[in-house]
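Architecture at a glance
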Amino acid sequence: MDSDGASIMTKATAKANPNIALVKYWGKRDEELILPLAGSLSLTLDILPTTTTVSLQPGAEHDTFRLNGNDKTDTSASRVTRFLDLVREIAGSNEHAHVESTNDAPTGAGLASSASGFAALALAASKAYGLDLDAKDLSRLARRGSGSASRSIIPNIAVWREGDDESSFAESVEAPELRMAIVTLDSGQKAVSSREAMRRTRLTSPFHEAWITSTRASLEEMIAVCASGDIERIGQITESHALRMHAVIQSTEPPIRYLSGRSIDVFDAVKGLRDSGAYAYATADAGPNVAVLSTPQDIDAVARSLSNFGDVRVAAPGLGARLVEENA
Ligand code: PMV
């Protein structure tokens, strides 16, 4: 703050966690507004949060972005600026900001760092620019940074509905208590971004229409079995829906393949765990890492038996985006 108090620096810090979809979002109806072609449903985790501080910089000529202690000037910085432009438009401000972000998950490795990142940014930036958004409007805002971020605003199980700009946001869904084991096989950056791969799927896959139609049906069934507490069916839909997503991704021209041989080995091991009586169902996002859905009773045994494949982290249902510290 200036000594005369003429320009007040406004700053807010928020934390948000990643989420893993049990019914996946894979396809946009509108690339600008980030409206999905079908709804999706996810579990927000209590691990690997992103913490983001947004401080307004009166008089600055542009935004600045630091991620994990490194100044960024690449596409991640332009995505942050585009997002802040949106917040400035809503807030009626033209002040630039400094964004400082720490990511506990490896960035860009299919571990949903964009979800926790844009959820934390939506909350921190909206507060720093003086907005007081409710969960619905925060989810709509986070959606504009990354579709899956709309769900990280919400704790535990969230459904993100297809719709228009007003009606496409995430909200809580009643569900039994679940756990997840994240098996990290490769923490490197993915070769094709999910944005590009989704577009290629829509434009070139001969199976695209069936993928969207079946996703809508899977989502409606998933919501019903979450409400009835049918955990076996929750697991079955989760695993088959993930395999369908990877099938449609592999059917693009030119083809994209995110799963590695070792990912498939983990899917096989998860099937073996099920055959021996454990509750375990596998899913994977746009990368080779595998997330395994389980129950509070079985999660430790499941995590232990998968530990020979790579680093395994156990997650319980996590909180939605929350403010850590705010001062004006
Ligand atoms: O939100 P994006 O653009 O990073 O896309 C996420 C896509 C998946 O993680 C593969 C699926 C999902 O629903 O999270």
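Here, the structure is the one placed above.
Below is a summary of the structure that appears in this document. Just so we're clear, the structure is a prediction, and the values are computed from it rather than from any experiment. (Residues numbered from 1 in each chain as written. Predicted model: local features only at pLDDT ≥ 70, side-chain atom pairs only at ≥ 80, totals over all residues. Heavy atoms only, no water.)

1. Quick notes on the side chain of T44
Note the cut-off: By definition, any uninterrupted DSSP run of H or I lasting at least four residues is a helix, any uninterrupted run of E lasting at least two residues is a strand, and each is numbered from the N terminus. Think of it in three bands: with a 1.4 Å probe and only protein chains considered, a residue is buried below 20% of the maximum accessible area for its type, exposed above 50%, and partly exposed in between. We define a polar contact as two N or O atoms separated by no more than 3.5 Å, with the added condition that, inside protein, one atom must be a possible hydrogen donor and the other a possible acceptor, whereas residues neighbouring each other in sequence contribute only through side-chain atom pairs. What makes two residues a contact is simply this: any of their non-hydrogen atoms within 4.5 Å.
Mapped onto the secondary structure, T44 falls in strand β5 (residues 40-44). The exposure class assigned to T44 is buried, which follows from its relative accessible area of 0%. A distance of 2.8 Å separates the side chain of T44 from the backbone oxygen of I154, its partner in a polar contact. Discounting residues that sit within four places of it in the chain, T44 has contacts with N17, P18, N19, R151, S152, I154, P155, N156, A316, P317, G318 and L319.

2. Side note on the environment of E253
Locating E253 in the fold gives a position in the loop between α7 (231-250) and α8 (261-275). It is 8.1 Å that separates the C-alpha atoms of E253 and T201, two residues lying 52 residues apart in sequence. Setting aside residues no more than four positions away along its own chain, E253 makes contact with R200 and T204.

3. Examining the site of the ligand
Threshold: To be near a molecule or strand, a residue needs just one of its heavy atoms within 4 Å of it. Surface accessibility in these figures is a Shrake-Rupley result with a 1.4 Å probe; residues are shielded only by whichever protein chains are displayed.
As a structural note, the neighbourhood of the ligand is formed by 14 residues, with Y25, S114, S146, S148 and R151 the closest of them. Y25 places a main-chain nitrogen or oxygen 2.9 Å from an oxygen atom of the ligand. Against a free-state accessible area of 380 Å², the protein chains account for coverage of 92% of the ligand.

4. Digging into the nonpolar core
Here is the rule we go by: Throughout this description, the term nonpolar core refers to a set of buried Ala, Val, Leu, Ile, Met, Phe, Trp, Tyr and Cys residues connected via side-chain atoms within 4.5 Å.
In terms of nonpolar packing, the biggest core is built from 52 residues, with W26, V54, L84, L121 and Y258 touching the most fellow members. What L84 contacts, discounting residues up to four positions off in sequence, is D63, A97, V99, L121, A125 and Y129. Ranked by size, the runner-up nonpolar core spans 26 residues in total, among them V159, Y281, A291 and A315.

5. Re the packing of helix α2 (residues 113-128) against helix α3 (residues 135-145)
This is how the line gets drawn: Each axis is a line fitted through C-alpha atoms, taken for helices only over the stretch in contact, and angles between the N-to-C directions span 0 to 180 degrees. An angle counts as roughly parallel when it lies under 35 degrees, as roughly antiparallel when it exceeds 145, as roughly perpendicular when it falls between 65 and 115, and as oblique in every other case. Handedness of a crossing follows from how the near helix is turned relative to the far one, being left-handed for an anticlockwise turn of less than a right angle and right-handed for a clockwise one.
Look at α2 against α3: their axes get within 8 Å of each other, and the N-to-C directions meet at 125 degrees. Our classification of the angle between α2 and α3 gives oblique. In this structure, α2 crosses over α3, and the sense of that crossing is right-handed. Only L138, L141, A142 and G145 of α3 make contact with α2, whose side of the interface consists of F118, A119, A122, L123 and S126.

6. Description of the pattern of salt bridges
In plain terms, the rule: What counts as a salt bridge is simple: a side-chain nitrogen of Lys or Arg found within 4 Å of a carboxyl oxygen of Asp or Glu.
The tally for this structure, following the rule as stated, stands at 24 salt bridges. Note that D165 is salt-bridged to R140, the shortest N-O span being 3.5 Å. Of this pair, D165 sits in the loop between β10 (157-160) and β11 (170-172) while R140 sits in helix α3; the two residues are 25 residues apart in sequence, bridging distant segments of the chain. The salt bridge partner of E221 is R233, with a shortest N-O separation of 2.6 Å. Note that E221 is positioned in helix α6 (residues 208-228) and R233 in helix α7, a separation of 12 residues in sequence. If you follow the salt bridges from partner to partner, you end up with K136, D137, R140, R143, D165 and E166 in one network.

Fair warning: the whole summary comes from geometry, so function is off the table for now.
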